[in-house]
Amino acid sequence: MRQPLVRLYFRGYYREHYTEVNRQVRCFIGIVIPENIKNAIDDWREQYWPQGKNYKPVPKDNFHITCLFIGHLQAQQRIALEAGISQLVLPRMMLNINTFAHWQKPSIGYLGFQNPTLELMQAQQQIVRIAQDIEIESMDISRRFVPHITLARKFKPNCEAPSQRPDILFEPKEIGLFESVSRPTGVHYPVRKSWSLG
């Protein structure tokens, strides 16, 4: 019978990373977007979707693609999650950012992918299976996975669409464990641990 991941990896891994993981964090797993692509997205937004009163722009440093929102993660769960993902062989992929859309709940405007690659969808499913083994209570996997990059929050229905669709091709190099950190200047998403693709 397969043991829970936390028992398989807990002892040796815990001693090495005790001071870093001995706290509860609010986090998610996502694709790390390279800095040059963040700049390209920001340049596109500035040129074709200038800031108005009908949305709140997301800072470019916060651009990412969420693969799995986890919520609050206990120390032992984080140990198990990191150890499990470390054993995955995650595929390399090419992504083409080529659509703009919005949701009412949550009220965001985002960039997306007309035809998400099979490699991206498979990587997301591998991550979900690892997280399911750990039985994280705050995790919600009921929603269909729609890969996207959030450009704006507090998006209002009467907001004008961008004057031109994006066309940004890139190859991500890493996935990361992002922490959601609230500061007086807003929410930030530092990468606490990353894993190479391919």
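Higher on the page you've got the structure.
Residues numbered from 1 in each chain as written. Predicted model: local features only at pLDDT ≥ 70, side-chain atom pairs only at ≥ 80, totals over all residues. Heavy atoms only, no water.

Student: Please clarify how the overall build of the protein should be interpreted in this entry.
Tutor: The helix and strand tally for the protein stands at four helices and twelve strands. Burial analysis of the protein (198 residues in total) assigns 44% to the buried set. A sequence separation of at least 24 residues applies to 79% of the contacts in the protein between residues at least 6 apart. Summed over all atoms, the accessible surface of the protein reaches about 11,500 Å², with 47% contributed by carbon and sulfur. (Helix = DSSP H or I, 4+ residues; strand = E, 2+ residues; numbered from the N terminus. Buried < 20%, exposed > 50% of the residue type's maximum accessible area, 1.4 Å probe, protein only. Contact = heavy atoms within 4.5 Å. Areas by Shrake-Rupley, 256 points an atom, 1.4 Å probe, with all protein chains shown as cover.)

Student: Looking at this model, I keep getting lost on the pattern of salt bridges. Mind explaining?
Tutor: Side chains carrying opposite charge are able to pair once their charged atoms draw close together. Under the defined criterion, the tally for this structure stands at six salt bridges. The residue D42 makes a salt bridge to R45 at a minimum N-O spacing of 2.8 Å. Taken as a pair, D42 and R45 lie in helix α2 (residues 35-48) at a separation of three residues, close to a single helical turn. Like D42, the residue R45 is buried in the burial classification. Between E171 and R92 there is a salt bridge, with its nearest N and O atoms 2.7 Å apart. Of this pair, E171 sits in the loop between β8 (168-170) and β9 (174-179) while R92 sits in the loop between α3 (75-86) and β4 (95-97), and the two are 79 residues apart along the sequence. Here the salt bridges do not stand alone but share partners, grouping R92, E171 and K173 into one network. (Salt bridge = Lys/Arg side-chain N within 4 Å of Asp/Glu carboxyl O.)

Student: Please clarify how the packing of α3 against helix α4 (residues 118-134) should be interpreted in this entry.
Tutor: Interaxial distance between α3 and α4 falls to 10 Å at its minimum, and their mutual angle equals 145 degrees. Crossing hand, α3 versus α4: right-handed. Contacts between α3 and α4 involve Q77, A80, L81, G84 and I85 on the former and, on the latter, I130, A131 and I134. Classifying every residue of the contact of α3 with α4 gives six nonpolar, two polar and no charged. (Axes fitted to C-alpha atoms, helices over the stretch in contact; angles between N-to-C directions. Left-handed = near helix turned anticlockwise from the far one by under 90°. Nonpolar A, V, L, I, M, F, W, Y, C, P; charged D, E, K, R; others polar.)

Student: Before we go on, may I ask you to explain the nonpolar core in this structure?
Tutor: In this structure, I29, I41, L81, I97 and I175 are the most contacted members of the largest nonpolar core, which totals 47 residues. For this core, the leading source of residues is α4, giving seven residues. Once residues within four sequence positions are removed from consideration, I41 is found in contact with F63, I97, L111, I149, L151 and I168. (Core = buried A, V, L, I, M, F, W, Y, C linked by side-chain atoms within 4.5 Å.)

Student: So what exactly am I meant to see when it comes to the sheet that holds strand β1 (residues 25-32) here?
Tutor: Within a sheet, neighbouring strands are paired by backbone hydrogen bonds and run either parallel or antiparallel to one another. Taken in spatial order, the four strands line up as β3-β1-β9-β12 in an open sheet, and their pairing is antiparallel. The two strands at the open ends of the sheet, each matched to only one other strand, are β3 (65-73) and β12 (191-196). Each strand axis lies, on average, 15 degrees off the axis of its neighbour in the sheet, ignoring direction. Here β1 runs beside β3; their pairing, made up of seven bridges, is antiparallel. Within β3, the residue paired with V25 across the bridge is L73. (Pairing = 2+ DSSP bridges.)

Student: I'm lost on the pairing of strand β6 (residues 108-112) in this one. Help?
Tutor: Within β6, five of the five residues are buried, which leaves the element mostly enclosed by the surrounding structure. When strand β5 (residues 99-103) meets β6, the two strands line up antiparallel, connected through five bridges. Counterpart to F100 in the pairing with β6 is L111. In sequence, β5 turns back onto β6 through a hairpin of four residues. In terms of strand pairing, β6 meets strand β7 (residues 148-153) through five bridges, oriented antiparallel. Within β7, the residue paired with G109 across the bridge is A152.

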